Amino acid sequence: MSAIDTLPPLREVIATHQLSARKSLGQNFLLDLNLTAKIARQAGDLTGCDVLEIGPGPGGLTRGLLSEGARKVLALEKDTRCMPALQEIAEAYPGRLEVINGDALEIDPLDHLTPPVRIAANLPYNVGTELLVRWLTPPDWPPFWQSLTLMFQREVAERIVAQPGSKAYGRLAILSQWRADARIALSLPPGAFTPPPKVSSAVVHLTVLPEPRFPADAAILSRVVAAAFNQRRKMLRAALKGVTPGIEDHLIAAGIKPTERAEQVSLEAFCALAREIENA
Ligand code: SAM
C-alpha cells in the first residue's frame, strides 16, 4: 500500500534524527503508517475537529491524524529529540500542526484548542491512565473533548470496558462508563511496535455522554466505588462500613443486597447507592 504522505518513511526519520527508543519515556514507536492511519480512523470524523495528541514521538500517529483530515493537531511531547522530526511534519501540513515540548501532565492545552476537540494518543501506560482519569473527572460536565482514542496495555483496556461479574470490573470501568461510551476499537500484538513491548495492546475509544448515564454526585460515587473495590472480596456491608452510618439500610434502599460483593454490582446500582447516601 502507498504511504499516506510525501514525508520520509518513519524508519528513515528515526535514523536521521537518532531517535533511539528510551525506556524511561515509555517509547515503543508505531512505524507502519497504514496502521497509524487505521488508528486515526478509530477517532471518528476528524474533519472540522482539533485533535489533541499526547506523545507524538517521531510522528507516526500525528501523520495519520493529519492525513485523515484533522483541522489541527496540537501535539504535546516530552522528548526534545523529537522536535526536528515533528517540525518536518508541521512544514508538510502548513498551519495544521502545533507542537509543544513539555510534560503533558503539566501543560494546560485549552488555550491552544478550538472546539470540537478529540483526543488521540499512544502513550506510556502510566501517563495514559493518569490522563484518562483526569479527562473523566473535570469539575464540570460535559468536558472539553468529544472523544478519546487511546492506546493501552490490553489488560488496562479490558478494565475500562469491563462489565459486572468479571475480574477486570472495578473503579476504572465505573469511571469510564458512567460518563462515556467505551469500547475496544483495535487490538495490537507486541510486534506492531518498535521496540516491541512485553504485552499486547489495545486502542480504546470513548465517546462523551452529554449527561452522566445515571444521576449521582461525582464525589460520593467516587468514594463509594473506591471503598467497595478496595476490599472487593468483602461483602458490601463490611467494605462500605466506614463510608457512612447505616450503610446496610442504604444498600437495601438502592436495591443492593448487603451480602453482595462490589464485583457483582452494576453501575446503575452504584449510582442509586450514591443518591441514597446523598439524600440521607
Ligand atoms: N505516538 C508515537 C507512536 O505512536 O509511535 C510515540 C508513542 S510512545 C509509546 C510514547 C511517547 O510519549 C513518546 O514519544 C514519549 O517521549 C512521550 N511521552 C512520555 N511521557 C510523556 C509525557 N509525560 N508528556 C508528553 N509526552 C510523553
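Residues numbered from 1 in each chain as written. Predicted model: local features only at pLDDT ≥ 70, side-chain atom pairs only at ≥ 80, totals over all residues. Heavy atoms only, no water.

Here the protein chain is partitioned into domain 1 (10-208) and domain 2 (218-279). If you average the C-alpha positions of domain 1 and of domain 2, the two centres end up 34 Å apart. The interface is formed by 10 residues belonging to domain 1 together with 15 residues belonging to domain 2. Between domain 1 and domain 2 the total buried area reaches about 1,000 Å² when both faces are included, carbon and sulfur atoms providing 68% of it. At the junction of domain 1 with domain 2, the criterion picks out zero salt bridges. Counting across the domain 1 and domain 2 interface gives five residue pairs in polar contact (both at pLDDT 80 or more). Looking at side-chain class alone, the side of domain 1 that touches domain 2 contains four nonpolar, four polar and two charged residues. (Domains from an automatic or database assignment. Contact = heavy atoms within 4.5 Å. Buried area = accessible area lost by both parts, 1.4 Å probe. Salt bridge = Lys/Arg side-chain N within 4 Å of Asp/Glu carboxyl O. Polar contact = N/O pair within 3.5 Å; in protein donor to acceptor, adjacent residues only side chain to side chain. Nonpolar A, V, L, I, M, F, W, Y, C, P; charged D, E, K, R; others polar.)

Residues Val-156, Ala-157 and Ile-160 constitute the buried set of helix 6 (residues 154-161). Looking down the long axis of helix 6, one finds its buried residues gathered within 105° of arc, a one-sided arrangement. Taken together, the buried residues of helix 6 touch helix 5 (125-136), strand 6 (147-153), helix 7 (171-178), strand 7 (180-188) and strand 9 (201-208). (Buried < 20%, exposed > 50% of the residue type's maximum accessible area, 1.4 Å probe, protein only. Helix = DSSP H or I, 4+ residues; strand = E, 2+ residues; numbered from the N terminus. Arc of directions from axis to C-beta.)

This brings us to the site of the ligand. The local shell around the ligand holds 21 residues, among which Leu-30, Gly-55, Glu-77, Asp-103 and Asn-122 are the closest. Lys-78 has a polar backbone atom sitting 3.3 Å from a nitrogen atom of the ligand. Here a nitrogen atom of the ligand sits 2.9 Å away from a polar atom, N or O, in the main chain of Ala-104. Here the ligand loses 98% of its free accessible area of 590 Å² to cover by the protein chains. Elements with a minimum of two residues in the shell around the ligand: strand 1 (29-30) and strand 3 (72-77). Residues belonging to the shell around the ligand are distributed by class as follows: nine nonpolar, seven polar and five charged. (Near = heavy atom within 4 Å. Areas by Shrake-Rupley, 256 points an atom, 1.4 Å probe, with all protein chains shown as cover.)

The full count for this structure, using the stated rule, is 12 salt bridges. For Asp-5, the salt bridge identified is with Arg-63, shortest N-O distance 2.9 Å. Of the two residues, Asp-5 is situated in the segment before helix 1 (10-16) and Arg-63 in helix 3 (residues 60-67); the sequence distance between them amounts to 58 residues. This pair shows no difference in class: Asp-5 is buried, exactly as Arg-63 is. One salt bridge connects Arg-159 with Glu-155, and the closest N-O pair in it is separated by 3.6 Å. Here Glu-155 and Arg-159 lie together in helix 6, a separation of four residues that amounts to about one turn.

This part covers the packing of aromatic side chains. One pass over the full model with this rule turns up three aromatic pairs. Geometrically, the ring pair formed by Tyr-169 and Phe-229 is edge-to-face, given 5.7 Å between the ring centres and 85° between the ring planes. A residue pair is termed long-range when its members are at least 10 positions apart, and Tyr-169 in the loop between helix 6 and helix 7 and Phe-229 in helix 8 (residues 218-230) qualify at 60 residues. For Phe-229, a relative accessible area of 8% gives the class buried. (Phe/Tyr/Trp six-rings, centres within 6.5 Å; stacked < 30°, edge-to-face > 60°.)

Turning our eyes to something else, we now look at the pairing of strand 2 (residues 50-54). Where burial is concerned, most of strand 2 is hidden: five out of the five residues are buried. Bridging between strand 2 and strand 3 involves five bridges; their strand directions are parallel. If you follow Val-51 over to strand 3, its bridge partner there is Val-73. (Pairing = 2+ DSSP bridges.)

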